[in-house]
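Secondary and tertiary structure notes
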Amino acid sequence: MPKNLENRDSQIKCLQQNLAAIRKIAGWTAEQLADKIGVTKQTISNLETGKTPLNLTQYIAIRAIVDYEIETNKENTVLPQVVTILLDKCNELNEEDYNKVKEAINVVSISAAGGVTGATLASVFMGLLSGIPSAALIGAGIALGPIGVIGGAVTGSWLKKILKKNEQKKDK
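Residues numbered from 1 in each chain as written. Predicted model: local features only at pLDDT ≥ 70, side-chain atom pairs only at ≥ 80, totals over all residues. Heavy atoms only, no water.

1. Quick word on the environment of isoleucine 37
Here isoleucine 37 is to be found in helix 2 (residues 30-37). A residue is classified by how much of its surface remains accessible, and isoleucine 37, at 17% relative accessible area, is buried. (Helix = DSSP H or I, 4+ residues; strand = E, 2+ residues; numbered from the N terminus. Buried < 20%, exposed > 50% of the residue type's maximum accessible area, 1.4 Å probe, protein only.)

Structure (structure tokens):
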């Protein structure tokens, strides 16, 4: 498989593996996310459990709605951090550190689903991240600052990468 397709497939896999956590941190039920992208609640459930593989169209729809949420809901400071780590930098952490981060984010998603939001959720997130070696995060291009995780792709750059890869595929 060409490297560009492997990377695209890896990005799709990262979103599918982390969809439930991202959805909860965004503050959405499965039904709300389904409504936002025009599918059924069952489709979201099947994607989250891995019963159905996430396809490129679904990936683009979900990333677009997540990016829109990041742009319009400035009070949710955890969502852009989680997206940066779990999606934009997912291939830059070693497996052990990625699993530690993922475990911390799953705990944060449970807190978010329980109604914890804003600064309290950010504090929970930072507390959990403090157990992960800073060198691992910095090595992956994830900088810790006074308000949390800083860095990551500019909104929409993920789409440019995906579309560029599709164009390269067509040219061959």
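2. A closer look at the pattern of salt bridges
As enumerated under the stated definition, the model contains six salt bridges in all. With a closest N to O distance of 3.9 Å, arginine 63 and aspartate 67 form a salt bridge. Highlighted residues: arginine 63 and aspartate 67, both in helix 4 (residues 56-72), separated by four residues, approximately one helical turn. Members of the salt-bridge network, linked through shared partners, are Arg63, Asp67 and Asp88. (Salt bridge = Lys/Arg side-chain N within 4 Å of Asp/Glu carboxyl O.)

3. With respect to the state of the cysteines
If you walk through the whole model with that rule in mind, you get one disulfide. A sulfur-sulfur separation of 2.3 Å characterises the disulfide bridge that pairs cysteine 14 with cysteine 90. What sets the handedness of the cysteine 14 and cysteine 90 disulfide is the S-S torsion sign, and at about 90° it is right-handed. Here cysteine 14, found in helix 1 (residues 3-26), pairs with cysteine 90, found in the loop between helix 5 (78-88) and helix 6 (95-113); they are 76 residues apart in sequence, far enough to count as distant. When its relative accessible area of 6% is taken as the criterion, cysteine 14 is described as buried. (Disulfide = S-S within 2.5 Å.)

4. Concerning the packing of helix 5 against helix 7 (residues 118-129)
Helix 7 packs onto helix 5 with a crossing angle of 35° between their chain directions and a minimal axis gap of 10 Å. Of the residues in helix 7, those touching helix 5 at Val78, Gln81, Val82 and Ile85 are Leu121, Ala122, Phe125 and Leu129. (Axes fitted to C-alpha atoms, helices over the stretch in contact; angles between N-to-C directions. Contact = heavy atoms within 4.5 Å.)

5. What about the side chain of glutamine 16?
Structurally, glutamine 16 can be placed in helix 1. Given a relative accessible area of 14%, glutamine 16 falls into the buried group. Of the polar contacts made by the side chain of glutamine 16, one reaches the backbone oxygen of threonine 52; its length is 2.6 Å. In this structure the side chain of glutamine 16 is engaged in a polar contact, spanning 2.8 Å, whose partner is the backbone nitrogen of leucine 54. (Polar contact = N/O pair within 3.5 Å; in protein donor to acceptor, adjacent residues only side chain to side chain.)

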